[in-house]
Amino acid sequence: MSATTSTAPLSLASPGTGAAALPRARFTELLHLDTLRAASLAEIDAAAALQHRVDRKYLIPTSSAARLIAQLAATHHVLDIHGRRTTAYRTTYFDTPHLAAWRAHIQGRRRRWKVRTRLYAEDRLCRMEVKTKDGRGATVKHAHTVDADAYGRLERGTEAAAFVDGVLRDSGIDVTAADLAPAGEVCYLRAALADLEAGTRLTLDGALACHRDDRTAALDPGYVLVETKGTARPAPADRHLLGLGARPVSLSKYIVGLSLLVPGLPDNHVRRLARTRFHTGPRTETPLMARIGRNTFA
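Cut-offs applied
- Residues numbered from 1 in each chain as written.
- Predicted model: local features only at pLDDT ≥ 70, side-chain atom pairs only at ≥ 80, totals over all residues.
- Heavy atoms only, no water.
- Buried < 20%, exposed > 50% of the residue type's maximum accessible area, 1.4 Å probe, protein only.
- Helix = DSSP H or I, 4+ residues; strand = E, 2+ residues; numbered from the N terminus.
- Pairing = 2+ DSSP bridges.
- Core = buried A, V, L, I, M, F, W, Y, C linked by side-chain atoms within 4.5 Å.
- Contact = heavy atoms within 4.5 Å.
- Salt bridge = Lys/Arg side-chain N within 4 Å of Asp/Glu carboxyl O.
- Polar contact = N/O pair within 3.5 Å; in protein donor to acceptor, adjacent residues only side chain to side chain.
- Phe/Tyr/Trp six-rings, centres within 6.5 Å; stacked < 30°, edge-to-face > 60°.
- Axes fitted to C-alpha atoms, helices over the stretch in contact; angles between N-to-C directions.
- Parallel < 35°, antiparallel > 145°, perpendicular 65-115°, else oblique.
- Nonpolar A, V, L, I, M, F, W, Y, C, P; charged D, E, K, R; others polar.

Here we come to the pairing of strand S8 (residues 181–195). Most of S8 is tucked away, with 13 of its 15 residues classed as buried. In the sheet, strand S3 (residues 77–79) pairs with S8 via two bridges, with the strands oriented antiparallel. Considered in S8, the bridge of histidine 77 is made with alanine 194. Pairing between S8 and strand S9 (residues 200–212): 10 bridges, direction antiparallel. Paired with alanine 191 across the bridge in S9 is leucine 204. As consecutive antiparallel partners, S8 and S9 are separated by four residues, and within that stretch glycine 199 has a phi angle of approximately 75°, a positive value.

Counting 28 residues, the largest nonpolar core has Leu99, Trp102, Leu208, Tyr254, Val256, Leu258 and Phe278 as its most contacted members. Elements represented by at least two residues in this core include exactly strand S4 (87–95), helix H4 (100–106), S8, S9, strand S10 (215–219), strand S11 (223–230), helix H7 (253–261) and helix H8 (269–277). In terms of residue count, H7 provides more of this core than any other element does, six residues in total. Each residue touching valine 256, except ones within four places of it in the same chain, is listed here: Leu251, Val270, Ala274 and Phe278.

Turning to the pattern of salt bridges, a few remarks are in order. Under the criterion given, the structure shown has 14 salt bridges. A salt bridge links aspartate 80 to arginine 85; its shortest N-O distance comes to 3.0 Å. Between glutamate 129 and arginine 127 there is a salt bridge; the shortest N-O distance is 2.7 Å. With relative accessibility at 0%, the residue glutamate 129 sits in the buried group.

A separate point is the side chain of histidine 76. Tracing the backbone through its elements, the reader meets histidine 76 in the loop between helix H3 (62–72) and S3. Judged by relative accessible area, which is 2%, histidine 76 ranks as buried. In this structure the side chain of histidine 76 is engaged in a polar contact, spanning 2.8 Å, whose partner is the side chain of threonine 75. Excluding anything up to four places from it in sequence, histidine 76 contacts Leu36, Arg37, Leu193, Ala194, Asp195 and Leu202.

Our next topic: the packing of aromatic side chains. Note on aromatic pairs: each is described by the distance of the centres and the angle between the planes. Applying the stated criterion across every chain yields a total of three aromatic pairs. Taken together, a centroid distance of 5.2 Å and an interplanar angle of 20° make the contact between tyrosine 89 and tyrosine 188 stacked. Note that tyrosine 89 is positioned in strand S4 and tyrosine 188 in strand S8, a separation of 99 residues in sequence. Judged by its relative accessible area of 10%, tyrosine 89 falls in the buried class. Following the ring pairs from residue to residue traces out a cluster consisting of Tyr89, Tyr120 and Tyr188.

This next bit is on the environment of aspartate 34. By the element assignment, aspartate 34 lies in the loop between helix H1 (24–31) and strand S1 (37–39). Residues aspartate 34 and glycine 83, spaced 49 residues apart in sequence, show a C-alpha to C-alpha distance of 9.9 Å. Contacts of aspartate 34, omitting those with residues within four sequence positions, involve Thr28 and Arg85.

Now for the packing of H7 against H8. Viewed as axis vectors pointing N to C, H7 and H8 meet at an angle of 85°, and their least axial separation amounts to 9 Å. Put simply, H7 runs roughly perpendicular to H8. Judged by residue contacts, Ile255, Val256, Ser259 and Leu260 of H7 engage Val270, Arg271, Ala274 and Arg275 from H8. A breakdown of the residues in the contact of H7 with H8 according to their chemical character gives five nonpolar, one polar and two charged.

As far as function goes, none of this settles anything; it's purely spatial.
Here it is, written out as structure tokens:
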């Protein structure tokens, strides 16, 4: 199959499946992931964990993503877990009632932050994560492993809450876990690539959707969100992307989702960008809390 394969839709999961979009075979086929050498999670973490990094994001057609992977095949490996080259991600973001994290990002504040629980659906691995910015603008990610059943919850008195409080306090952010509640859930299918020698990596996300209450904002199914993760110096993947005509965009999944789904938020450049590649509509997937019998978080 050539790299100019048509960009057939990557559909979302049917109601009640308990996972993000899982068009695994189609995603693998469209991006030619089977042509890459495999690497284990331990190998990638050892070479390119990059908890302190610079992220660059590109929104490109699936056909361009396939060409990118072909260009990287000589230097990059793909994360392979028991023969599976993609992973379904579910991420619940927490924010204050007035959406302080969302507003800090939109306003470009130096002390930006995000708090989230992330579930790796097939493996039932779950982490509480806090992302902040350092004084040079680089992203710093802090993570704390939690039980998969704790996904989507941030309860007072737990180790997870203490972890969140500690990271935010040490980062000079005047917010505590007690101030936070679930604000939106983002689901997608991800492939992760790494250059084990250079210590850089990138991810490709498809079937991307953000859910809030009974509404969904979904990425155009013919597009993929590519994120390169490295140092301040652009990686070879960035240079290949520029050669394909792609340009970095300031695009956070959570920020885009809320910009499109929360009435009354101020207009912003993120919303204007999102409207060209995202569409909104009724939520077709059963919310996680309804499926497990919880309507509120502690």
